[in-house]
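Breakdown of the fold
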Amino acid sequence: MRTMPALVVLMIAALACGCDAPERETTSGPPSSSAATAPGPRTTLTVVAAGDLLVHPALTEQAAADARRAGRDGHDFTQVLAAVRARVGAADLAICHMETPLAEPSGPFTGWPNFSVPPALADAAAWAGFDTCSTASNHSLDTGVEGITRTLDNLDRVGLRHTGTARTAAERQRPNVMDVDGVKVGQLSYTLSFNDIPLPPERPWAANLIDADAILAEARRARFAGAQIVILSMHWGTEYQNEPNADQVDLANRLLASPDIDLIVGHHAHVVQPFEKIGAKWVAYGMGNLTTRFGDGSAENTQDAVVPEFTFTRTPSGRWEVTSVTVLPTWMEYRPRARVVDLTAAMSDPLVPALQRTRYAAIAQRINGYVDLRGASSAGLRMPH
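All values reported here derive from a predicted model rather than from experimental measurement. (Residues numbered from 1 in each chain as written. Predicted model: local features only at pLDDT ≥ 70, side-chain atom pairs only at ≥ 80, totals over all residues. Heavy atoms only, no water.)

**Some remarks on the sheet that holds strand β5 (residues 176-180)**
In plain terms, the rule: At least two bridges found by DSSP between two strands are what make those strands a pair. Per the convention used, a helix needs a DSSP run of H or I reaching at least four residues, while a strand needs a run of E reaching at least two, with both numbered from the N terminus. Fitted lines through C-alpha atoms serve as axes, helices being fitted only where they are in contact, and the angles separating the N-to-C directions of these axes extend from 0 to 180 degrees. Pairs of residues are marked as contacts when any of their non-hydrogen atoms sit within 4.5 Å.
Strand order in the open sheet made by the 6 strands is β5-β6-β7-β8-β10-β9, with mixed pairing throughout. In the strand order of this sheet, the two ends are held by β5 and β9 (275-278), each with one partner. Within this sheet the neighbouring strands show an average axis-to-axis angle of 20°, counted without direction. Summarising the sheet, β5 and strand β6 (residues 183-191) pair through 5 bridges and their orientation is antiparallel. Note on β6: the bridge partner recorded for N176 is Q187. On top of the sheet, helix α9 (residues 212-224) reaches β5, β6 and β7 (229-235); it is set at about 160° to β6, its chief contact.

Here's what the structure looks like:
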């Protein structure tokens, strides 16, 4: 959710016009209930999350072409993300995952195995409406601690909060707790590995490796810092496997048993993994790749993703609990231009050719099947049909 300065301007203009309006007759009597009653504390809050922001060289080339088409130098990822902007921007809080380190504006830009991608990706994430990003991934150390610093500096530059990597020990100890319209929300971020790149001995705090005890300790620190809701971003699982592995399932059960963690959202597998309700809480094991551009011939389900919305409701005890989950299936289309496709909108758009709508419907059905592998729909999750 991002506020638009133009709205403030319009409100000021409206008030200014009102100053010159003739006085209206008033009648005596008690004030209306709406005027007499101050709004109480909010009781619901929506959180949207999204899969990996993963940028291969071909997607960097697309962003450069989009910038040239707009008459600018550099890179522009906004057109790649345009289809999800409405859903992301409408949420009270929107969470992204920065999979790879950001480079200097002039590069070099590289892909697998050691990624370094244009910093304009941060600008596009902010433009799309994201508020905070997880940054712990198996690629966090691809360009060393310098890459961590560049990434976090760029997220700061565009006003995006972040967690999972750190520039200083003090930053690592400070929980990412945000005030979302009067509700304090904490976000944590951890990864299963750094692809065999060791953390510098003098900076063991630079990036977060998955450790259940460390996660629970940070969740408690977030609560102590005032967080009423704590969301954990987990970079975990087996790549290209739609089923969660045993470690994911075991960790989800252990971590969600804690009163300090309310929701887990997952990344890393590069395909969509199921959602599951564990007790009264939810885990999204894997949300796929929101952006990607694997080589031609790669498995099509690596282009699948979901953008879930979780509605939190304040319970009578004062705790917050997820009471509604809806899932928007998306697909990273490569041609004619690399773009994220909102499948729900596209498969019902009369301007889209019928054959293409049929194809989109089949992709959405496949994605919905992955989401439901562990009984999410019977637990109340809603998916478009």
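**Some points on the layout of surface pockets**
Condition: With a 1 Å grid laid over protein atoms only, a set of points is called a cavity when a 1.4 Å probe fits there but cannot get out and a pocket when it is open yet has protein on both sides within 12 Å along at least five of seven lines; lining residues have an atom within 4 Å of a point. Grid points are joined across faces, edges and corners, and a volume is the space filled by probe spheres set on the points. Classification used: nonpolar for Ala, Val, Leu, Ile, Met, Phe, Trp, Tyr, Cys and Pro, charged for Asp, Glu, Lys and Arg, polar for all others including Gly.
Approximately 260 Å³ is the volume attributed to the largest pocket. Along its surface, the largest pocket is lined by 16 residues, and H162, T163, E171, R174 and N176 are the ones closest to its centre. Within the residue set of the lining of the largest pocket, elements represented by two or more residues are β4 (161-163) and α8 (169-173). When grouped by side-chain class, the residues that make up the lining of the largest pocket number 3 nonpolar, 6 polar and 7 charged.

**Points about empty space enclosed by the protein**
All told, the structure shown has 1 cavity of 30 Å³ or more when counted by the stated rule. Its boundaries defined by the atoms lining it, the largest cavity holds a volume of some 70 Å³. As for the largest cavity, its lining consists of M98, E99, T100, P101, T135, S140, G147, I148, T151 and T165. The element best represented in the lining of the largest cavity is helix α7 (residues 144-157), accounting for 3 residues. Along the lines of polarity and charge, the residues of the lining of the largest cavity split into 3 nonpolar, 6 polar and 1 charged.

**Some points on the packing of α9 against helix α10 (residues 246-256)**
As a reminder of what qualifies: Any angle that falls under 35 degrees is termed roughly parallel, while one over 145 is termed roughly antiparallel, one within 65 to 115 roughly perpendicular, and all others oblique. Crossing chirality is assigned from the near helix's rotation relative to the far helix, an anticlockwise turn below a right angle marking it left-handed and a clockwise turn marking it right-handed.
Direction vectors running N to C along α9 and α10 enclose 30°, while the axes themselves pass 11 Å from each other. As the angle between them shows, α9 and α10 are arranged roughly parallel. Where α9 crosses over α10, the handedness of that crossing is right-handed. Every residue of α10 that contacts α9 at A212, D213, I215 and L216 is listed here: L251, R254 and L255.

**Let's talk about α10**
Along an α-helix, residues three or four positions apart point the same way, because every turn accommodates 3.6 residues. We count it as follows: Partly exposed describes any residue whose relative accessible area lies between the buried limit of under 20% and the exposed limit of over 50%, with all areas from a 1.4 Å probe on protein chains only and scaled to the type maximum. Think of the arc as the fan of directions from the helix axis to the C-beta atoms. Contacts described as polar in this section are N or O atom pairs within 3.5 Å, which, within protein, must combine one atom able to donate a hydrogen with one able to accept it, while residues neighboring in sequence count only if both atoms come from side chains.
All of the buried residues along α10 are Q248, V249, L251, A252, L255 and L256. With its buried residues spanning 170° around the axis, α10 presents them on a single face. α10 presents A246, D247 and D250 as exposed residues on the side facing more than 90 degrees away from its buried surface. On its buried face, α10 sits against α9, β7, β8 (263-267), β9 and β10 (281-284). For α10, the capping residue at the N-terminal end is N245, with a side-chain oxygen 3.1 Å from the backbone nitrogen of D247.

**Quick notes on the pairing of β9**
Pairing between β9 and β10: 4 bridges, direction antiparallel. The residue bridging F275 from the neighbouring strand is A284, located in β10. In this antiparallel pair of consecutive strands, β9 and β10, the connection spans 2 residues, and G279 shows a positive phi of 65°.

**Here we look at the state of the cysteines**
As used in these notes, a disulfide is a covalent bond between sulfur atoms, one from each of two cysteines. As a reminder of what qualifies: Note that a disulfide, as used here, is simply two cysteine sulfur atoms within 2.5 Å.
Under the counting rule described, the total for this entry stands at 1 disulfide. The disulfide that involves C96 links it to C133, with 1.8 Å between the sulfurs. The chirality of the disulfide connecting C96 with C133 is left-handed, given an S-S dihedral of about -100°. Linking C96 in strand β2 (residues 93-98) with C133 in strand β3 (residues 132-134), this pair joins segments that are 37 residues apart in sequence. For C96, a relative accessible area of 1% puts it in the buried group. For C133, a relative accessible area of 0% corresponds to the buried category.

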